[in-house]
Amino acid sequence: MRYVSTLFTTFLAALAIAGCKPDAPVPVEPEAGPVCQGTSVEDGITGVEPGPFTVVFTYDQNIKCPLSEQARITIDNSAKIAKVSALNTNLTVQVTDLDYEKQYTLTIPEGAVQGFKEHQAGAKAVTFRFTTKAAPAPKPDPDVIPTPDGTLGWQVRAKLGLGINMGNQLDAFYNGTWAGDKYNYPDETCWGNAKLTQATFDAIKAAGFDSVRIPVTWLNMIGPAPDYKINEAWLARVAEVLGYAKKAGLNAIVNTHHDENNADDHWLDVAAASRNTATRDAISVKVVKFWTQVAERFKNEGDWLIFESFNEIQDGGWGHSAAFTANPKAQCDVLNEWNQKFVDAVRATGAENATRLLGVPGYAASPDFLDYFVLPKDPAGKVMVAVHFYDPFDYASGSKYTEWGHTANRDKKANWGDEDNVRSKFSALYGRFIAQGIPCYLGEYGCVNRANEHDRAFQNYYMEYVTRAARLFGLPCFLWDNGAYNGDGENFGYINHGNGSYIGEAFKTVQLMNKAAHSDDASYTLDKIYSTAP
């Protein structure tokens, strides 16, 4: 029995061992892969420059993208993936070989982006779409004079023709230590000119001018937030002066002039707005409140009246400050936004304002700082671009040089800014704006008056050449006239602002401008004027 029991026990043990097989491995569920949380530029972005373009995809954890997976990242329309790199939570993709005006789709396939955890799935597929900007218009040959084609730009040139500014007038204001309690209050006569009269505008019309630009400074004539109510007496005077222009049969432009900040506590402070979003938004509100009031006041006036948003918005460095040169786009973006606010505010008031011509400047109103300019969207399609032209500045606006052009004595002229500069600048404006059906005008141009016959000959040559070039390239032009004629400063006085009579020898200059702006004689060319240089 002992032997049998032992055998039986051994049998049971063997049987137990034989039946004790290990369980099959249990599958491990992979952990979720990295998730893309956003991109450095907005998906669907438009207006992308067709050079190298970089997008950074940010994930919710540190990621990697092995070389074998980088090769699976694609872009369509014959563009190329130039570089892919993963660092921390960012995947950076650079693409090249982009063409103008095309839509592209960049695809990161599923699994190409991976995390660092064990048993972790790859990231899901991501697509990113963008569109490149339209091709720039071919740069016109400055020696080829365009042919008017009846589009809006040429229509506006014919309408506005030759204009004149009534400068240092309604734009004058109390500034400096002499101002006292009147500091930053506008005053029509505080800079030395007599009050404007109906006789002034009648004489301007008789002299051959088609239009007048009436710069207006508002400053302390605008009340506090939240209403920013404009002083009624000041607004009434502006309306009265505009009425003089209307009665004389002139087109008229009215604007905000010295409201821009040049380190003098004025409210249109583009530098501060570019640094601080709250400041930017507050000024934008004031822009809308201000222009809404002006637009409401004149909403029933006809198309003889034009609103111009701003004068020469800049930070006091005229395009050469450290802040602007380091990041010009920052301030230009602010001005673009304010120009759009202006257009929207005026259009919203309806009546004649629904289709009125509106003028907007680029940075400093300079033709040299238009790279970041964006034309405001306008349902009426009637926004004009305002630029100012005083090239070369040390000749046109001062007495440092007394001669200009190809015949001038080298010691008496600037080393740039001759006739070829005029053609080049105006041709570029024509190509970018007029040829695209966008009106563009010289809101200011001119040359300070010279004291003797020799110097006046060069002044007259400059004014005739520039005015004729503006006419031929489709640009209405407005002489800067500040009424000044004494001393060594900016003596741009051509017309007496109190009665419209000519100042000094201005009659001959104005008649040359009149001819240059209005003559339809095909033989009256820039070459012909060039050949008559003193």
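Basis of the calculations
- Residues numbered from 1 in each chain as written.
- Predicted model: local features only at pLDDT ≥ 70, side-chain atom pairs only at ≥ 80, totals over all residues.
- Heavy atoms only, no water.
- Axes fitted to C-alpha atoms, helices over the stretch in contact; angles between N-to-C directions.
- Helix = DSSP H or I, 4+ residues; strand = E, 2+ residues; numbered from the N terminus.
- Parallel < 35°, antiparallel > 145°, perpendicular 65-115°, else oblique.
- Left-handed = near helix turned anticlockwise from the far one by under 90°.
- Contact = heavy atoms within 4.5 Å.
- Nonpolar A, V, L, I, M, F, W, Y, C, P; charged D, E, K, R; others polar.
- Core = buried A, V, L, I, M, F, W, Y, C linked by side-chain atoms within 4.5 Å.
- Buried < 20%, exposed > 50% of the residue type's maximum accessible area, 1.4 Å probe, protein only.
- Pairing = 2+ DSSP bridges.

Structural notes on the packing of helix H7 (residues 277–297) against helix H9 (residues 328–348)
Part 1 of the reasoning: Between H7 and H9, the least distance of the axes is 9 Å, while the angle of their chain directions is 30 degrees. Considering the angle they form, H7 stands roughly parallel to H9. The hand of the H7/H9 crossing is right-handed. Across from Arg 280, Ile 283, Ser 284, Val 287, Val 288, Trp 291, Thr 292 and Ala 295 in H7, the residues of H9 making contact are Asp 333, Val 334, Glu 337, Trp 338, Lys 341, Phe 342, Ala 345 and Val 346.
Part 2 of the reasoning: Across the contact of H7 with H9, the residue classes break down as 10 nonpolar, 2 polar and 4 charged.

Digging into the environment of Asp 420
Part 1 of the reasoning: Mapped onto the elements of the fold, Asp 420 is located in helix H11 (residues 419–432).
Part 2 of the reasoning: On a C-alpha basis, the gap between Asp 420 and Lys 102 in space is 36 Å, while along the polypeptide they are 318 residues apart.

Section: the nonpolar core
Part 1 of the reasoning: Core analysis: the biggest nonpolar cluster contains 113 residues, and Phe 201, Trp 218, Phe 307, Phe 426 and Tyr 445 have the highest contact counts within it.
Part 2 of the reasoning: With near-sequence residues (within four places) excluded, Phe 426 lies in contact with Phe 389, Leu 442, Val 466, Ala 469, Ala 470, Phe 473 and Leu 475.
Part 3 of the reasoning: Listed in part, the 24 residues of the second largest apolar core include Val 55, Phe 57, Leu 91 and Tyr 104.

Describing the sheet that holds strand E6 (residues 90–96)
Part 1 of the reasoning: Strand order in the open sheet formed by 4 strands is E1-E3-E6-E5, with antiparallel pairing between adjacent strands. The open sheet is flanked by strand E1 (36–39) and strand E5 (80–87), the only strands paired with a single partner. Taking the axes of each pair of neighbouring strands and ignoring which way they run, one obtains an average angle of 20 degrees across the sheet.

Examining unusual backbone geometry
Part 1 of the reasoning: Pro 226 follows Ala 225 through a cis peptide bond whose omega is 5 degrees.
Part 2 of the reasoning: When you line up the elements, Pro 226 lands in the loop between strand E10 (211–214) and helix H5 (232–248).
Part 3 of the reasoning: Between Asp 391 and Pro 392 the backbone carries a cis peptide bond, its omega angle lying at -15 degrees.
Part 4 of the reasoning: One non-glycine residue, Asn 168, lies in the positive phi region at around 55 degrees.
Part 5 of the reasoning: Counting through the fold element by element, Asn 168 comes out in the loop between strand E9 (162–165) and helix H4 (198–206).
Part 6 of the reasoning: Look at Asn 168 and you get buried, because its relative accessible area is 18%.
Part 7 of the reasoning: With a phi angle near 60 degrees, Ala 364 is a residue other than glycine that sits in the positive phi range.
Part 8 of the reasoning: Judged by relative accessible area, Ala 364 falls into the buried class, the value being 7%.

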